[in-house]
Structure formats: structure tokens, C-alpha cells
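Secondary and tertiary structure notes
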Amino acid sequence: MRVLVIEDEPKIAGFLARGLEEEGHRVDVVGDLAAARLSVRTERYDLLLVDRMLPDGDGLSVVRELRRAKDATPTICLTARDRVEERVEGLYGGADDYLVKPFELDELLARIAAVTRRAAVPERLEVADLVVDVAAHRVFRGGVEIQLTAQELSLLRYLAEHAGRVLSRTRILDAVWGVTHDPRTNVVDVYVSYLRAKIDKGFDPPLIHTVRGTGYVLEDRRR
Ligand code: CA
């Protein structure tokens, strides 16, 4: 893959470039927003790794510009500040995932595999009258737009990508919240209930089904 690393700290940029080149990727490194804008205009990348704190501004502004131009290049945001609001903001800014520094190369490679796999998914997922417009981050049921939080949208997207397949809580936790999350948490059940209240309540048929002892499946069970 062709990867653009937007990172002003030479040590981190060097670590990323070496690690990715060892995996067989071609890597360009830029250290500020101006150079990043020039690179994305002149080259075609398969993946962007974006630091938020650059000398001339927030790295996410490049991602926002790309998304406005309907460019869906997979993007992972690298953030030094481990704060939930920034992660959410990172996702809203159009990034597909984020990593909190410091991180291990293995963790980064796993996230890269996940975002590039997701990028291969169709832009629009449909189950009965539910439409997930993946590219635009919008969801409709019966033609009515439904407002979801970033986390609810990630969960719905994952369920819709695997529609008709039973997904275990562990697998969902892994894919949507990341492997480092506490496996004893009930976050999956909590978010499934939020999602049901928004996309199933008041609509027919229900699409999210509980598979006792296993997990969940999104499907249209009408015959
Ligand atoms: Ca920085």
C-alpha cells in the first residue's frame, strides 16, 4: 500500500516509516499541514496516518477537507491525548479510527488491517428498509433519517456489514471498540439497546435480534 504519514515528531515518523516499510508498504512522511495538503493533492494514497498536533494546526483539518471532497481514503488519527471527547471528535472529523500514543507497531498494523478491510465494504448497506450510507455517515429507516452517535454508527455499520451472520459479543467488542477494551464490560449490550431504541423501535420488522448465549445478528426475518 501507499501510505502517507503526517507527523511532525521525527522519532515517531521514523518509527512508523520503518515499521510500515518492513511490512512492504511505500511510505511518504510529511511534517506539517501545508506539506500534507500538497501530498494528498498530488498523490493517491491507500492510507493516511494523521497526527493531530502539527506545527501549523490540527491534522484532522486535512481529513475534513478530503471528506468534503468525497475522498474516503482510509485514515487513522494518532493522538497523544487520551481523552474520550477527542476520540469522538476524531471520528466525526472523518477519521476511520484512532490510536493513542504511545502505541505498539502490532497494534497499528491491526488497526490498519481493520480500516482497509472496511474500506473495501460497499458505500451503502441495506437490510430491509434500513439504509446505512457508510460514506456519508448517515442512517435511514423507512426513508427517515436517524441520528446516531459515532459509536452507535460504528456498531450498526459492523452489524450491517455482517448482516445475517451471528456475531459474538467478543467479536463485536473487538471490531468496534478495539482489542484492548476490558472483555468483561457490558458495553456491547448497552449500545445494542441504544441502537434498538433508535433503529427498531416504532419500525417493522425488528432487525436486531439477540441470539441467546452468543451475541447478536442484524437481519430481516420476515419470510
Ligand atoms: Ca505532533
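The structure reproduced in this document is the subject of the present report. (Residues numbered from 1 in each chain as written. Predicted model: local features only at pLDDT ≥ 70, side-chain atom pairs only at ≥ 80, totals over all residues. Heavy atoms only, no water.)

Counting 28 residues, the largest nonpolar core has Val132, Leu156, Ile172 and Leu218 as the members making the most contacts within it. A per-element tally of this core places helix α6 (residues 150-161) first, with 6 residues. Ignoring sequence-local partners within four residues, the contact set of Leu218 consists of Val127, Leu130, Leu156, Leu159, Ala160, Ala163, Gly164, Ile199, Leu207 and Ile208. Of all hydrophobic cores here, the second largest spans 18 residues; its members include Leu4, Val40, Val62 and Val100. (Core = buried A, V, L, I, M, F, W, Y, C linked by side-chain atoms within 4.5 Å. Buried < 20%, exposed > 50% of the residue type's maximum accessible area, 1.4 Å probe, protein only. Helix = DSSP H or I, 4+ residues; strand = E, 2+ residues; numbered from the N terminus. Contact = heavy atoms within 4.5 Å.)

Attention now moves to the side chain of Arg141. Take Arg141: it is sitting in strand β10 (residues 138-141). On the basis of relative accessible area, Arg141 is assigned to the buried category, the value being 0%. Within the structure, the side chain of Arg141 is placed 2.9 Å from the backbone oxygen of Ile199, a separation counted as a polar contact. Setting aside anything within four residues of it in sequence, one finds Arg141 in contact with Asp129, Leu130, Ile146, Ile199, Asp200, Phe203, Asp204, Pro205 and Leu207. (Polar contact = N/O pair within 3.5 Å; in protein donor to acceptor, adjacent residues only side chain to side chain.)

With that settled, the discussion passes to unusual backbone geometry. Residue Pro102 is bonded to the preceding Lys101 through a cis peptide linkage, with omega at -5°. As for its placement among the helices and strands, Pro102 is situated in the loop between β7 (97-100) and α5 (105-119). Note that the residue after Asp204, namely Pro205, is joined by a cis bond; omega there is -5°. For Pro205, the location among the structural elements is in the loop between α8 (187-199) and β13 (208-211). In this structure, Ala128 is a non-glycine residue whose phi angle is positive, near 50°.

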